[in-house]
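# A structural walkthrough
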Amino acid sequence: MKKIAVLVSGGGSNLQSIIDSVESGYLRLKIAVVASNKEEAYGLTRARNHGIPTEILRHGDYPTREEFETKLIETLDGYGVDLVALAGFMRVLTPLFVNHYHQRIMNIHPAILPSFPGTHGQKQALDYGVRFSGCTTHFVDEGTDTGPIILQAIVPVLPDDTEESLGSRILKEEHRIYPESLKLWSEGRLLIDGRKVTILPGARTKD
Ligand code: GAR
């Protein structure tokens, strides 16, 4: 069974959706470790509640991004992970980390990429005045939210929306497409060719 690490910096509701999908049998993979750059991240508590090992690496303890990432790589490789899933991990990753896990880092972003990359994707969408926003799962490359797109889900922007109300409707979709993307990956059904990700058909089941 494939092993993943999930990296969190905050509440970890996406992590929870992945844990629930594993426990329900929808996702057949092992969450080998949950790591965070913030010891107060609630995502760590969620992991502990489900008996998943946790690691805390405070980025402030390292003089450079590269030194932080070298330690992170050493830690994650110690668990033998096949894929790193970013779930609200609020640290920019340098080419050192991205190249080490070439095409083996997945991220979820709260906007329809390539619109509104970076932080506060929900607020950027509201401020711009778009009628629809949503979320995107993608593989991570050296840019900020520029990697090959896996799945996207559309969420309408309502006239009275605040960052919070829009954000919570987007989150619902995030909790659906992140486990789905991981499922496709775990079944070996994601073929990356340049910018494009082809979703291969699943195994046929007999009637
Ligand atoms: C999610 O909305 C995720 O898309 C976003 O952070 C939130 C984490 O929530 N990620 C980014 O903005 C990355 N640029 P969670 O901790 O409850 O999963």
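All values reported here derive from a predicted model rather than from experimental measurement. (Residues numbered from 1 in each chain as written. Predicted model: local features only at pLDDT ≥ 70, side-chain atom pairs only at ≥ 80, totals over all residues. Heavy atoms only, no water.)

In the vicinity of the ligand lie 13 residues, with Gly12, Ser13, Asn14, Pro110 and Glu174 positioned nearest. The contact in question runs from a nitrogen atom of the ligand to an N or O atom on the side chain of histidine 109, over 3.5 Å. The contact in question runs from an oxygen atom of the ligand to an N or O atom on the side chain of glutamate 174, over 2.8 Å. When the free accessible area of the ligand is taken as 450 Å², the share hidden by the protein chains comes to 86%. The pocket occupied by the ligand, as judged from atoms lying within 2 Å of grid points, is the largest pocket. Among the secondary structure elements, those contributing two or more residues to the shell around the ligand are helix H1 (13–23), strand S5 (105–109) and helix H6 (163–186). Taken together, the residues of the shell around the ligand break down into 4 nonpolar, 8 polar and 1 charged. (Near = heavy atom within 4 Å. Polar contact = N/O pair within 3.5 Å; in protein donor to acceptor, adjacent residues only side chain to side chain. Areas by Shrake-Rupley, 256 points an atom, 1.4 Å probe, with all protein chains shown as cover. 1 Å grid on protein atoms, 1.4 Å probe; cavity = no way out; pocket = protein on both sides within 12 Å on 5 of 7 lines; lining within 4 Å. Sits in = over half its atoms within 2 Å of the grid points. Helix = DSSP H or I, 4+ residues; strand = E, 2+ residues; numbered from the N terminus. Nonpolar A, V, L, I, M, F, W, Y, C, P; charged D, E, K, R; others polar.)

What follows is about the pairing of strand S8 (residues 190–193). Every second residue of S8 is oriented toward a common face, the buried set being Leu190 and Ile192 and the non-buried set Leu191 and Asp193. Relative to strand S9 (residues 196–199), S8 runs antiparallel, the two sharing 4 bridges. Looking at S9, one finds that leucine 190 is bridged to isoleucine 199. (Buried < 20%, exposed > 50% of the residue type's maximum accessible area, 1.4 Å probe, protein only. Pairing = 2+ DSSP bridges.)

Among the nonpolar cores identified, the biggest contains 36 residues, and Ile4, Val6, Ile31, Val34, Met106, Phe139 and Leu182 are the most heavily contacted of them. Among the elements that make up this core, the one with the highest residue count is H6 (7 residues). Excluding anything up to four places from it in sequence, valine 6 contacts Leu15, Ile31, Val33, Val34, Ala35, Ala85 and Ala87. With 20 residues, the next largest nonpolar core counts Ala5, Phe89, Leu93 and Val140 among its residues. (Core = buried A, V, L, I, M, F, W, Y, C linked by side-chain atoms within 4.5 Å. Contact = heavy atoms within 4.5 Å.)

Next up on the list: the packing of aromatic side chains. Summed over the entire model, instances satisfying the criterion amount to 3 aromatic pairs. Positioned above the aromatic ring of phenylalanine 68, the side-chain terminus of arginine 91 is 5.9 Å from the ring centre. (Phe/Tyr/Trp six-rings, centres within 6.5 Å; stacked < 30°, edge-to-face > 60°. Lys NZ or Arg CZ within 6 Å of the ring centre and 35° of its normal.)

Below, the discussion takes up the packing of H1 against helix H2 (residues 42–49). Interhelical geometry of H1 versus H2 gives an angle of 20° and a closest axis separation of 9 Å. When the axes of H1 and H2 are compared, the pair comes out roughly parallel. Remark: the crossing between H1 and H2 carries right-handed chirality. In this structure, H1 uses Ser13, Leu15, Gln16 and Ile19 to contact H2, whose residues at the interface are Gly43, Arg46 and Ala47. Class assignment of the residues belonging to the contact of H1 with H2 gives a composition of 3 nonpolar, 3 polar and 1 charged. (Axes fitted to C-alpha atoms, helices over the stretch in contact; angles between N-to-C directions. Parallel < 35°, antiparallel > 145°, perpendicular 65-115°, else oblique. Left-handed = near helix turned anticlockwise from the far one by under 90°.)

Approximately 910 Å³ is the volume found for the largest pocket. If you go around the largest pocket, you meet 36 residues; those closest to its centre are Gly88, Phe89, Met90, Ile108 and Pro110. When contributions to the lining of the largest pocket are tallied by element, the ones reaching two or more residues are H1, S5, helix H5 (121–128) and H6. Counting residues per element, the lining of the largest pocket draws most heavily on H6, which supplies 6 residues. Looking at the lining of the largest pocket, its residues break down into 11 nonpolar, 18 polar and 7 charged. (Points joined across faces, edges and corners; volume = space filled by probe spheres on them.)

It is worth spelling out the environment of threonine 54 at this point. Along the polypeptide, threonine 54 turns up in strand S3 (residues 54–56). In sequence terms threonine 54 and valine 6 are 48 residues apart; their C-alpha atoms lie 9.6 Å from each other. In contact with threonine 54, not counting residues within four places along its chain, are Val33, Val34, Leu44, Ala47 and Arg48.

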